[in-house]
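# A look at the structure
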Amino acid sequence: MTRIAFIGLGIMGGPMAGHLVDVGHDVIGYDLHRAAVDALAARGGHAAADVAEAVSGAEVVITMVPDSPDVEAITLGPGGIYATARLGTLHIDCSTIRPDVARRVAEAGADRGIRVVDAPVSGGEAGAVEAVLSIMVGGEAADVEAARPYLDVVGRTVVHVGPSGAGQTVKAANQLIVAGNIQLVAEALVFLEAHGVDIDASTSVLAGGLAGSTVLDRKASGMRAREFAPGFRIDLHHKDMGIVTEAARAAGVAIPLGAHVAQLVGALRAQGHGRLDHSALLMQVEQLSGRGEPVRAG
Ligand code: NAD
């Protein structure tokens with residue numbers, strides 16, 4: 001049993017922390033939303049009133065917060081993890097953030113005697129709930145091996161992809177593929193519906209061929225029902241498209257389709273839909289096609 005501080009108990013962090021409780025770890029959670037902390041306590045974890053209380057005494061700290069500034073604040077800010085954690089603590093950051101920020105945070109941690117790995121995840125809310133996430137890990141080999149027993153509890157595919165920040169680079173590529181795939185699945189569904197073909201039959205045959213994908217398997221039924229509760233918020237995918245667009249530019253790599261989908265994600269957000277699931281890209285395809293309900297802020 002390990003004493004684990006878990007900070008950020010939202011759509012992803014809540015179930016991940018819960019799995020760590022279920023296998024017997026001593027998990028103390030903190031989130032800005034008290035209800036999320038109470039939910040962890042109800043599952044057998046403990047509640048902390050702030051980051052410092054969660055971290056003091058922890059051997060492992062796991063963070064799952066939205067964006068780069070959030071990770072910087074809870075690691076480097078006053079009362080943050082690196083001001084509080086004891087020497088040798090292992091910090092596993094599962095948030096999706098900029099690779100350069102991940103590297104900077106890891107260096108700051110190392111200066112304080114904290115071992116840091118970036119371990120962003122893929123698989124969505126369902127992947128977190130079912131503990132089958134794919135986890136791309138960056139950091140020193142020994143630290144990654146130290147993190148593996150905890151990551152194995154929440155994920156099925158845990159791969160060390162390189163040094164600090166490499167996990168975030170791979171995650172950026174993941175988000176590029178997912179965003180493009182969702183947009184094309186949305187376009188295909190609107191196209192099929194417009195032709196009046198049997199959608200069950202269509203999606204089942206598409207799933208069996210080269211067009212098959214986890215996006216098709218996991219997102220098509222919600223799209224067909226026009227159910228866009230998150231899941232993965234458009235706000236977060238907009239953040240991720242910013243990360244991959246900037247990282248591609250820094251590397252001198254063209255991502256023409258990715259840049260286009262980034263604009264479509266940004267447009268949906270600008271229309272007030274940032275809190276909907278990214279599968280709501282379908283609404284925009286309908287709007288552009290003059291079909292369905294007009295897009296209204298949701
Ligand atoms: P979320 O908004 O549901 O959860 C984030 C939680 O962090 C919230 O409960 C929020 O209150 C908390 N938080 C923010 N700042 C904090 C702080 N300073 N101290 C304590 N708690 C704080 O978001 P999510 O969907 O769980 O995503 C979390 C991260 O995982 C993001 O980086 C996201 O890009 C990534 N991610 C999400 C999914 C998904 O499908 N939702 C999939 C893979 C990766």
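From a predicted model like this one, the values you see are computed outputs, not experimental measurements. Residue numbers restart at each chain and count upward from 1, following the sequence in its written direction. In keeping with the predicted nature of the model, local features appear solely for residues at pLDDT of at least 70, side-chain atom pairs appear and are counted solely at 80 or more, and the whole-chain, interface and lining totals rest on all residues. Side-chain numbers come from the whole structure's heavy atoms, not from hydrogens or water.

### Some words on the domain arrangement of the protein chain
Domain annotation for the protein chain reports domain 1 (3–162) and domain 2 (169–288). For this analysis, residues touch if any pair of their heavy atoms sits within 4.5 Å. Contacts between the two partners involve 17 residues from domain 1, matched on the other side by 12 residues from domain 2. Buried area between domain 1 and domain 2, summed over both chains or domains, comes out near 1200 Å², and the portion from carbon and sulfur atoms is 60%. For domain 1, the biggest contributors to the area lost against domain 2 are Thr96, Pro99 and Met136; these three give 33% of the whole. Just to be clear on terms, a salt bridge is a Lys or Arg side-chain nitrogen sitting within 4 Å of an Asp or Glu carboxyl oxygen. For the pair domain 1 and domain 2, the number of links is one salt bridge. What marks off one domain from the next here is an automatic or database domain assignment. For any pair of parts, buried area is found by adding up, for both, the accessible area (1.4 Å probe) each one loses once the two are put together.

### Some words on the site of the ligand
Any residue with a non-hydrogen atom lying within 4 Å of a molecule or strand is treated as near it. Near the ligand there are 25 residues, and of these Met12, Asp31, Pro66, Arg233 and Lys239 occur at the shortest range. Any pair of N or O atoms that falls within 3.5 Å is considered a polar contact. Within protein, one atom must be able to donate a hydrogen and the other to accept it, and sequence-neighbouring residues count only if both atoms are side-chain atoms. With respect to the ligand, the backbone of glycine 231 contributes an N or O atom lying 3.2 Å from a nitrogen atom. At 2.7 Å, a side-chain N or O of arginine 233 approaches an oxygen atom of the ligand. Considering the ligand on its own, with 820 Å² of exposed area, one finds that the protein chains cover 91% of that surface. Starting at the N terminus, helices and strands are each numbered in turn, a helix being any DSSP run of H or I of at least four residues and a strand any DSSP run of E of at least two. Within the residue set of the shell around the ligand, elements represented by two or more residues are α7 (124–129) and α12 (234–251). A total of three residues in the shell around the ligand trace back to one element, the largest contributor, which is α12. Residue polarity is assigned by list, with Asp, Glu, Lys and Arg as charged and Ala, Val, Leu, Ile, Met, Phe, Trp, Tyr, Cys and Pro as nonpolar; anything else, Gly included, falls into the polar class. Split into classes, the residues belonging to the shell around the ligand amount to 12 nonpolar, seven polar and six charged. All accessible areas in this document rest on Shrake-Rupley with a 1.4 Å probe, and a residue is counted as covered only by the protein chains that are shown.

### Focus on the pattern of salt bridges
Within the structure shown, the criterion is met by 15 salt bridges. Between arginine 34 and aspartate 38 there is a salt bridge, and its shortest N-O distance comes to 3.0 Å. On the criterion of helical spacing, the pair formed by arginine 34 and aspartate 38 is a turn pair, its members being four residues apart in helix α2 (residues 34–42). The rule is simple: take the accessible area with a 1.4 Å probe, protein chains only, and divide by the maximum for that residue type; under 20% is buried, over 50% is exposed, in between is partly exposed. Residue arginine 34 is classed as partly exposed on the basis of its relative accessible area of 46%. Between arginine 98 and aspartate 100 there is a salt bridge, with the nearest N and O atoms lying 2.7 Å from each other. Accessibility expressed as a relative area gives 29% for arginine 98, which makes it partly exposed. The exposure class of aspartate 100 is partly exposed, given its relative accessible area of 30%. Overlapping salt bridges, with partners in common, bring together Glu193, Arg226 and Glu286 in one network.

### What about helix α14 (residues 281–288)?
Burial analysis of α14 places six of its eight residues in the buried class, which makes it a mostly covered element. Within α14 the residues assigned to the buried category are Leu281, Leu282, Met283, Gln284, Val285 and Glu286. As for α14, its buried residues are in contact with α9 (166–195), α11 (214–224) and α13 (256–273). Phi for glycine 290, located one or two positions after α14, is positive at around 65°.

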